[in-house]
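Each chain is listed here by its residues.
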Amino acid sequence: MRSPSPTEREIVIVGLGKIGSLYAAWYGEAGHRIRTVDTGNSADWDRVARVPDPSGVDAWVVATPTATHLSVVGEILRIQPDARILLEKPACYPEDLAGLQLVIRRNPRARIIVNDVYSHSEAVRHFAESVRNLGEADPIKKITVEFTKNRELDVANGRFVDTQYGEAGYEGFHMLSILRAILPAEQYRTYLRTVPMSVTAEMRVRTLAAGLPEIELYTSSTGTIAFAGLAGFAFSEGVSRSYLTPAVIPYGSEFRYRFADVELASGEHVTLVFEPFFDSEPDYKNLHVVHVRNATRRSVIAVNHFKEALLAQLELLHRIDEGTTAIRPAEHRFLAALGSAMFTGTFPRTTETDHQENEEKFARIGSEA
């Protein structure tokens, strides 16, 4: 029997849909032993309870539908109370957050992290460092983040259908990760506690509050572009003509308009543009650029966000202490409130208890929270 290498880990992936299959591919490519649980798709087992010798599992990945996350985490912890679990976002639906937190309290040795791709992105780190360095002498005036793609074909194929978080559930967690990287921790907590000035159905969220820069988050799954002028300069003429000038991404297109822009008090802009070489580089999905515009400086970062994050979070699960979790309940409640506001026109206020829970989660992992 082959002896495992010191760096090889046994990873059990629960759920073999599109995302679960990506986990299996990247962790397998990194040299880890992959075992799978799924009711179909030629998995090794059809139920978590059938996994033999669970004490030998180094990490679990939960990539099942969101509605099943709470029950799957409970099944894993029943057979391995000190399990290390990487949970695909969202951690669960809003009505299950209290149940998930109860399961965590009842299993004080477990380590659970919700997948947070952009928190571990080299491109986002470089962008945030550029903002911090310039911001020491030039305060932030406004932050704009847009993640737009036409996902109507995905929806027709049964993907990106979120009946609880709505539009906020698709890209909202990614946009919050970028915002969290830019803002000091206390300002970010203030943002999550603040009722936005306006929320529209696309989804467009504008926030103005004392102690915060103006913040605008925008995402559209129908391909409607809102801020073509803020990052359009980074793309080719062909992309501008086809997508940015008409401000719409057509059905079935693979083009994604994703950027984060920070305007400083001086008028300087620091802009992170994802995938600006869409029509010119075969590996465009892994090429991103940070621009400091008035200084005409740009840095190209070549990185696969998803792969980078999966490997980093696997190592994090093995560094953190027993009982450490990062499920970000306040972010989940904020995005659930945005989803509600889009449909009802009313943004529910969170409670002070939620704020305290959020602060505790930040304290547990520090910068990784």
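Right above here is the structure, for reference.
Every residue gets a number counted from 1 within its own chain, in the order that chain's sequence is written. Selection of residues for local features in this predicted model requires a pLDDT of at least 70, selection of side-chain atom pairs for listing and counting requires 80 or more, and totals for whole chains, interfaces and linings are taken over all residues. Here the side-chain values reflect all heavy atoms present in the structure, with hydrogen atoms and water set aside.

Caption draft 1: How the structure looks around the overall build of the protein. Assigned secondary structure in the protein consists of twelve helices and 14 strands. Over its C-alpha atoms, taken along the principal directions, the protein stretches across nearly 60 × 50 × 40 Å. Counting the 369 residues in the protein, one finds 55% classified as buried. Note on contacts: a residue pair is in contact if any heavy atoms of the two residues lie within 4.5 Å. Taking the intrachain contacts of the protein between residues at least 6 apart in sequence as the baseline, contacts between residues at least 24 apart amount to 67%. Here a helix means four or more residues in a row that DSSP labels H or I, a strand means two or more in a row labelled E, and each is numbered from the N terminus. Throughout this description, buried means an accessible area under 20% of the type-specific maximum (1.4 Å probe, protein chains only), exposed means over 50%, and partly exposed covers the range between.

Caption draft 2: Here's a closer look at the packing of helix α7 (residues 185–193) against helix α11 (residues 329–344). Contact pair α7 / α11: the axes reach a minimum separation of 9 Å and the direction vectors enclose 35°. Where α7 crosses over α11, the handedness of that crossing is left-handed. Of the residues in α11, those touching α7 at Tyr188, Tyr191 and Leu192 are Ala330, Glu331 and Phe334. Axes here refer to lines fitted to C-alpha atoms; in helices the fit is confined to the stretch in contact. Angles between the N-to-C directions go from 0 to 180 degrees. Left-handed describes a crossing in which the near helix is turned anticlockwise from the far one by less than a right angle; the clockwise case is right-handed.

Caption draft 3: How the structure looks around the nonpolar core. Each nonpolar core is a collection of buried residues, namely Ala, Val, Leu, Ile, Met, Phe, Trp, Tyr and Cys, held together in the definition by side-chain atoms within 4.5 Å. In this structure, Tyr23, Tyr27, Phe127, Leu176, Ile178 and Tyr191 are the most contacted members of the largest nonpolar core, which totals 64 residues. Top element by residues in this core is α11. It accounts for eight residues. When near neighbours in sequence (up to four residues on either side) are disregarded, Phe127 contacts Ile178, Ile182, Ala260, Asp261, Val262, Val270, Thr271, Leu272 and Val290. One finds Trp45, Val62, Leu97 and Val114 within the second-largest nonpolar core, a separate group that totals 26 residues.

Caption draft 4: Up close: the environment of Ile327. Structurally, Ile327 is set in the loop between β14 (325–326) and α11. Look at Ile327 and you get buried, because its relative accessible area is 0%. Remark: the alpha-carbon pair of Ile327 and Leu100, spanning 227 residues in sequence, is separated by 9.2 Å. With residues up to four places along the chain from it excluded, the contact list for Ile327 reads Ala91, Leu100, Gln101, Ile104, Ile112, Val114 and His332.

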